[in-house]
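# Observations on the model geometry
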Amino acid sequence: LLERLLPADDGTGTIDLEDQKFDEQCLRLLNRRQAWQFHMLPMNRTEDHLNIATSAGDLVRAVNFSAKKLDEPIYFQMAERKQLKETLSTLVAHF
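Here's what I pulled together on the structure shown here. The shown structure was predicted, so the numbers you read here are calculated from the model rather than taken from an experiment.

About the thresholds
Residues numbered from 1 in each chain as written. Predicted model: local features only at pLDDT ≥ 70, side-chain atom pairs only at ≥ 80, totals over all residues. Heavy atoms only, no water. Buried < 20%, exposed > 50% of the residue type's maximum accessible area, 1.4 Å probe, protein only. Helix = DSSP H or I, 4+ residues; strand = E, 2+ residues; numbered from the N terminus. Arc of directions from axis to C-beta. Phe/Tyr/Trp six-rings, centres within 6.5 Å; stacked < 30°, edge-to-face > 60°. Pairing = 2+ DSSP bridges. Core = buried A, V, L, I, M, F, W, Y, C linked by side-chain atoms within 4.5 Å. Contact = heavy atoms within 4.5 Å. Patch = residues over 30% accessible without salt bridge, like charges linked within 9 Å, V, L, I, M, F, W, Y side chains within 5 Å. Areas by Shrake-Rupley, 256 points an atom, 1.4 Å probe, with all protein chains shown as cover. Salt bridge = Lys/Arg side-chain N within 4 Å of Asp/Glu carboxyl O. Lys, Arg positive; Asp, Glu negative; His and termini not counted. Charge placed at Lys NZ, Arg CZ, Asp CG, Glu CD.

## Thoughts on helix H4 (residues 81–91)
- Where H4 is concerned, the buried positions are Gln-83, Leu-84, Thr-87, Leu-88 and Leu-91. Buried residues in H4, looked at end-on, bunch into an arc of 140 degrees, giving them a common side.

Written out as structure tokens, the structure reads:
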């Protein structure tokens, strides 16, 4: 289920969510409560995994939740918590 953590390209260890592509189908994998409770933002899929943004402080909870509820390989990408919350607020209408 948990494949690996993807390193950020910018050297800070985090991704910039403004540079990411979001797939509506992926956004609907979680409901609003789950997304906010576990600070998880499903972004997009590749052929073999689902990309989910979370923050370093929320990673353990996100991994535990994902292991129980999502039945596919997941790559977690670290985002700054403030930006993650802002992006969740913006995209919450999709959940």
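That shown, we press on.
## Observations regarding the packing of aromatic side chains
- Throughout the structure, instances matching the rule amount to one aromatic pair.
- A ring pair is formed by Phe-38 and Phe-65, whose centres lie 4.3 Å apart and whose planes are at 20 degrees; its orientation type is stacked. In this pair, Phe-38 is assigned in helix H2 (residues 32–38) and Phe-65 in helix H3 (residues 59–69), connecting sequence segments 27 residues apart. Each member of the pair Phe-38 and Phe-65 is classed as buried.

## Describing the environment of Tyr-75
- For Tyr-75, the position within the fold is in strand S4 (residues 74–78).
- Tyr-75 gets classed as buried once you look at its relative accessible area, which sits at 11%.
- Along the chain, Tyr-75 and Leu-50 lie 25 residues apart, while their C-alpha atoms are 6.1 Å from each other.

## Overview of the pairing of strand S2 (residues 41–45)
- Of all five residues in S2, four are buried; the element is thus mostly enclosed.
- By the bridge criterion, four bridges tie S2 to strand S3 (residues 50–54) in an arrangement that is antiparallel. Directly across from Pro-42, in S3, lies its bridge partner Ile-52.
- Where S2 folds back on S3, the antiparallel hairpin that results is connected by four residues.

## Considerations on the nonpolar core
- Ranked by internal contacts, the top residues of the largest apolar core, which has 14 residues, are Met-40, Leu-50, Ile-52, Leu-70, Ile-74 and Phe-76.
- Among the elements of the structure, S3, H3 and S4 are those that each provide at least two residues to this core.
- Looking at which element gives the most residues to this core, the answer is H3, with four residues.
- What Met-40 contacts, discounting residues up to four positions off in sequence, is Leu-30, Ala-35, Ile-52, Ala-53, Ala-62, Phe-65, Ser-66, Leu-70 and Leu-88.

## Topic: a negative patch on the surface
- Taken together, the side chains of Asp-16, Glu-18, Asp-19 and Glu-86 define an acidic patch exposed on the protein surface.
- When you line up the elements, Asp-16 lands in the loop between strand S1 (2–6) and helix H1 (24–27).
- Taking relative accessible area as the criterion, Asp-16 reaches 31% and is therefore assigned partly exposed.

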